[in-house]
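# Reading the structure
Next come the chains, spelled out residue by residue.
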Amino acid sequence: MRKRLVGWVCDTALILYFVFALFPIAWMVILSLKPTDQLFSTYFSFSPTLDGYRTVLGDSEGIPFVRFFVNSLVVSVGAVALSLVVGLPAAYASARWRFKGSENLMFTLLSFRFAPELTVIIPLFVLYQKLGLFDTYVGMVWVLQLVTLPLIVWIMRSYFADLTPELEQAALLDGYTRKQAFFRVALPLVKPGIAAVSLLAFIFAWNNFVFPLILTSNEAQTVTVGALSFLGGDRPKYNLTAAAALVSVVPPLLLALTIQRYLVRGLSFGAVKS
Amino acid sequence: MRLALRPYFLIVPALLLTCGILYPFGLGLYYTLFDFSASKPQPDMVRFENYSTVFTQEAFWNSAWVTVLYAVGAAFVETVLGVAVALLLHRSTLLGRVLEKILILPLMIAPVIAAIIWKLMLQPSVGVVNYLLRPFGLGGVQWTDTPTGALLSSIAVDVWVYTPFVAILALAGLRSLPTSPFEAAAVDGAGWWYTFRRLTLPMLWPYVLVAVIFRFMDSLKVFDIIYALTEGGPGDSTVVLQIRAYLEAIRFQRYSFGISYTIVLWAVVYLAAMVLVKHLGKIQRKAAEVTS
């Protein structure tokens, strides 16, 4: 009897938390489907319409939202790709060899996670203006390394460390070069890790707000900044803001749902194992 | 010789990219020694004057206080709530297994988007929160328009976004705990509270502390949530340090002065990191004693 009561209390508490966690997302869906003239009158009864999405995706209101969406895709994928190219060898090296200063170098990489963004952004802003990188894809990809590279190096390091070195040593005995051992033996074995960390890094890059806010203005602006523009104006159009917010969270949410298991592993690796 | 150099060779590309970030950081540090601003493009060297101005400004101490309140408040609530959620999910009922799959969702939404969502929900007259509270006679709460309300609201958004992070780490910790101490305690007839206080919590603490460190350090440099929710207002009530730096450097275009704010914040975050990581080592050793 007492056990059943405890179970009931626990279930209720859990459900309450998940209502808190999921209600805002559900409310955005409701709000985004409301017609403009019914925004403030009724709350849960209204005639749903896709007009909000049509306006947001149709470049109405003078805000090129679709372009911001494409920009986000380009700079996030670019940042992840560049981080993988330089990050994987670095992670491999630091997992396989203990060399002079290795721990310090790794800590330096991780420490960028804790640096206030504005410390580097303001000088970058001045620098970008001079170099013509302001409001460009190259400039955004370059600065998003700050988000993606430490993540990739730290998580891939623990994946490589979990592989026994004997595998590659056997390959070396078979006449493989070091390079071949890395590309044909080690790399295929950590493929699932690479997939998971790439998606995690993509999500973090996609969700970044400060860098595009200050280092882009129009050409290379991303959805996180773009979604805010619907809040402006004399009469805030809540349905448009909600639709824009929802469209901008579609890629991260879809990725999260498909690779949920690996994301959790990635998140807890990054924190617990380091 | 070739072999000794190889790891460096492999790390160099990553380091070069890192230097791409270190260079502006150094440049920023250099800028703070000048009075570089939009109204004065040919700056004079002022040495440490920017910093002495920062520390004598009342606005700085106000921002520092708000930042600490925010970081401590957010990290505390997230820890308690996150551990509670993890414990509830660890019971592994059917309901728990289903809900666990969607635990991660708020964490995948950009904090700035989360802040926009909450801003719409918290509107005093037309927001859904007050609409739902109306039957309880609380329909007119000015959530983000009073100083205390604005601070609490922004902490609530932080809690909404990041509680899953703490819960995930705590859950990973719970699942990796050895089972034998719990079996022994059950044989001895120990109650739930005793087991929790004497076994679960001490062994789990290192995992939770890692989460706390991440959350505390991240909240110290919060920017996007406040920017989208309150923009620092009303008055100065939610002007955290990064928002103050943004206002000074970008909006008022006092570049050097704005950067000095972030350098001070950077130093504080590093000191906090050092202290916490040192403490983490101690806690981990203690936890190892309990486990053995």
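Fair warning: this is a prediction, and the values are worked out from it, not measured in the lab.

Parameters at a glance
- Residues numbered from 1 in each chain as written.
- Chains lettered and ligands numbered in written order.
- Predicted model: local features only at pLDDT ≥ 70, side-chain atom pairs only at ≥ 80, totals over all residues.
- Heavy atoms only, no water.
- Helix = DSSP H or I, 4+ residues; strand = E, 2+ residues; numbered from the N terminus.
- Contact = heavy atoms within 4.5 Å.
- Buried area = accessible area lost by both parts, 1.4 Å probe.
- Salt bridge = Lys/Arg side-chain N within 4 Å of Asp/Glu carboxyl O.
- Nonpolar A, V, L, I, M, F, W, Y, C, P; charged D, E, K, R; others polar.
- Core = buried A, V, L, I, M, F, W, Y, C linked by side-chain atoms within 4.5 Å.
- Buried < 20%, exposed > 50% of the residue type's maximum accessible area, 1.4 Å probe, protein only.
- UniProt positions renumbered as here; feature names shortened; annotations may be inferred.
- Axes fitted to C-alpha atoms, helices over the stretch in contact; angles between N-to-C directions.
- Parallel < 35°, antiparallel > 145°, perpendicular 65-115°, else oblique.
- Left-handed = near helix turned anticlockwise from the far one by under 90°.

## As for the environment of Gly139 of chain A
All names here are of chain A. Looking at the secondary structure, you find Gly139 in helix H6 (residues 137-162). Residues Gly139 and Pro123 lie 16 residues apart in sequence; the distance between their C-alpha atoms is 13 Å. Among residues more than four places away in sequence, those in contact with Gly139 are Tyr128 and Leu133.

## Points about the interface of chain A and chain B
On the side of chain B, 88 residues touch chain A, which itself brings 81 residues to the contact. It is Tyr17, Tyr43 and Phe114 of chain A that lose the most area in chain A upon contact with chain B, and together they represent 9% of the buried surface on that side. For the pair chain A and chain B, the number of links is two salt bridges. Broken down by class, the residue content of the side of chain A that touches chain B amounts to 64 nonpolar, 12 polar and five charged.

## A few points about the nonpolar core
With 193 residues, the main nonpolar core has Phe65, Leu118, Met156, Phe160 and Ile214 of chain A together with Ile113 and Phe223 of chain B as its most contacted residues. Met156 of chain A has contacts with Leu88, Ala91, Val190, Gly193, Ile194 and Val197 of chain A, leaving out every residue within four places of it along the chain.

## Quick notes on the UniProt feature "transmembrane region" (unreviewed entry) in chain B
Residues and elements named next belong to chain B. UniProt records the feature "transmembrane region" (unreviewed entry) for residues 7-31, 68-90, 102-121, 159-178, 199-217 and 255-277 in the present numbering. End C-alpha to end C-alpha, residues 7-31 measures 35 Å, and it is 100% helix and 0% strand. A helix fraction of 90% and a strand fraction of 0% characterise residues 159-178, whose end C-alpha atoms lie 30 Å from each other.

## Let's talk about the packing of helix H1 (residues 2-32) of chain A against helix H12 (residues 238-258) of chain A
Residue and element names in this part refer to chain A. Direction vectors running N to C along H1 and H12 enclose 125°, while the axes themselves pass 8 Å from each other. The orientation of H1 with respect to H12, classified from their angle, is oblique. For the element pair H1 and H12, the recorded crossing hand is left-handed. The segment H1 lies against H12, with Met28, Val29, Leu31 and Ser32 engaging Tyr238, Asn239, Ala242, Ala243 and Leu246. Residues belonging to the contact of H1 with H12 are distributed by class as follows: seven nonpolar, two polar and no charged.

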